[in-house]
Amino acid sequence: MQRPKISVIIPNYNHARYLAERIDSVLGQTFNDLELFILDDASTDNSHEILARYHSKPRVRILVNTRNSGSAFPQWNRGISYATGEYIWIAESDDSCDPRFLETLVPLLDENHEIGLAYCQSRLINKEGLETGSSLDWTSDLHPSRWKFDFVNNGRDEIRNYLIEKNSIPNASAVLARRTVVSQALPVDSSFKLCGDWMHWGKMLLQSGIAYVAKPLNYWRLESSNSRTLPPGVLEWNEGQRVIRRLAESLGYTESEKNAALAKFADRCMGWLTVSTLPLKGQR
């Protein structure tokens, strides 16, 4: 059989409330040459009842853990290991998307083989699905207008100017990635609870370019994350400094450059801790 163009991975844990919407938003894509892996991480809600509706779908494979893995990132690794498509989409189970998400991002990767990762702007939605803002709220402190427009950039330049300051690709559901580049960045570090995606994007961009679409085709649901167990700023610092140290070393930063990047991020984390919230409360 011909391999699908896209491998979609939905890692789910206790998101039964949003799961059908998530799955239907994937299966309803206008570009539908895809396979779908749904990985349930021993959910204790009624996720299994939702998943039962999709068992007979020909493009869908459902895998259920008997024991929770502790974070989403072991599930990322597991899902990627099954993927056969040219491109990989990690579609978080509490998010949703526009039907034209794949139709828009696939050509960016098809037409430029230097690009390993393409992503789009996100609409922010609450638990009820009502729009509350956009991902520009998260990136505006890095640059007031850059993410309002499409761009393509060298990966190392993207890290040096933006990604090393904080996770400027804050929602995995907005990302479509080239499987060959993903494979070279594996494994996704499962010792992280929160910042494994940030580290993963960095490892990918050390070896490939990046493309961005300003059209908000991803719907990022806030206040539904299962990843945050400590006050805002604490886990960000504990894990984020590891990301910054790794990226600084890979880019050949001097000790003073690395320390300056860490100090800047420490100030950011202290600001989040002081106000007891993040600009985007749902930040995974």
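All values derive from a computational prediction rather than experimental measurement.

## Some thoughts on the nonpolar core
Side chains of a nonpolar character, in soluble globular proteins, are inclined to be buried together. By size, the foremost hydrophobic cluster in this structure holds 52 residues, and its most contacted members are Y119, I169 and W201. Beyond its immediate sequence surroundings of up to four residues, I169 is in contact with L117, Y119, L163, V175, W201, L205 and I210. Counting 34 residues, the second largest nonpolar core, distinct from the first, contains I23, I38, I115 and L217.

## Remarks on the pattern of salt bridges
For the coordinates displayed, the defined rule picks out 13 salt bridges. Between K5 and D110 there is a salt bridge, with its nearest N and O atoms 2.9 Å apart. You can see K5 sitting in the segment before β1 (6–12) and its partner D110 sitting in helix α4 (residues 101–111), a full 105 residues away along the chain. Of the residues examined, K5 reaches a relative accessible area of 18% and is grouped as buried. Its salt-bridge partner being D141, residue R268 comes within 2.3 Å of it at the nearest N-O pair. With R268 in helix α10 (residues 255–275) and D141 in the loop between α5 (136–139) and β8 (151–153), this pair connects stretches of sequence that are 127 residues apart. You can call D141 partly exposed: its relative accessible area is 45%. Residues joined by salt bridges that share partners form a network here, namely D141, E165, K166, K264 and R268.

## Thoughts on the pairing of strand β6 (residues 115–125)
Two faces make up the sheet, and in a regular strand the side chains alternate between them. Of all 11 residues in β6, 10 are buried; the element is thus mostly enclosed. Pairing geometry for β6 and strand β10 (residues 209–221), over 10 bridges, is parallel. Looking at β10, one finds that L117 is bridged to I210. Where β6 lies against strand β9 (residues 175–178), three bridges are found, and the strand directions are antiparallel. Each residue of the ladder has a partner; that of L117, found in β9, is A177. Across three bridges, the pairing between β6 and strand β7 (residues 131–134) is antiparallel. Bridging across to β7, I125 finds its partner in E131. Remark: five residues form the turn of the hairpin made by β6 and β7, two consecutive strands paired antiparallel; G129 in that turn has positive phi of roughly 85°.

## Points about the environment of D41
By secondary structure assignment, the location of D41 is in the loop between β2 (34–40) and α2 (47–51). By relative accessible area, D41 is classed as buried at 4%. Placed 23 residues apart in sequence, D41 and Y18 show a C-alpha to C-alpha distance of 15 Å. Not counting the four nearest positions on each side in its chain, D41 is found in contact with N12, Y13, N65, R67, N68, S69, G70, S71 and Q75.

## Brief notes about α10
The end-to-end C-alpha separation of α10 is 31 Å, in line with the 30 Å expected for 21 residues at 1.5 Å each. Among all positions in α10, only K258, A261, L262, F265, R268, C269 and W272 are buried. The arc enclosing the buried residues of α10, seen along the axis, measures out at 120°, which places them on a common side. Of the exposed residues in α10, the ones pointing more than 90 degrees away from its buried face are E255, S256, D267, M270, T274 and V275. Buried residues in α10 make contact with α5, α8 (196–205) and α9 (234–250).

Parameters at a glance
- Residues numbered from 1 in each chain as written.
- Predicted model: local features only at pLDDT ≥ 70, side-chain atom pairs only at ≥ 80, totals over all residues.
- Heavy atoms only, no water.
- Core = buried A, V, L, I, M, F, W, Y, C linked by side-chain atoms within 4.5 Å.
- Buried < 20%, exposed > 50% of the residue type's maximum accessible area, 1.4 Å probe, protein only.
- Contact = heavy atoms within 4.5 Å.
- Salt bridge = Lys/Arg side-chain N within 4 Å of Asp/Glu carboxyl O.
- Helix = DSSP H or I, 4+ residues; strand = E, 2+ residues; numbered from the N terminus.
- Pairing = 2+ DSSP bridges.
- Expected span 1.5 Å × (residues − 1).
- Arc of directions from axis to C-beta.

By themselves these figures say nothing about function.
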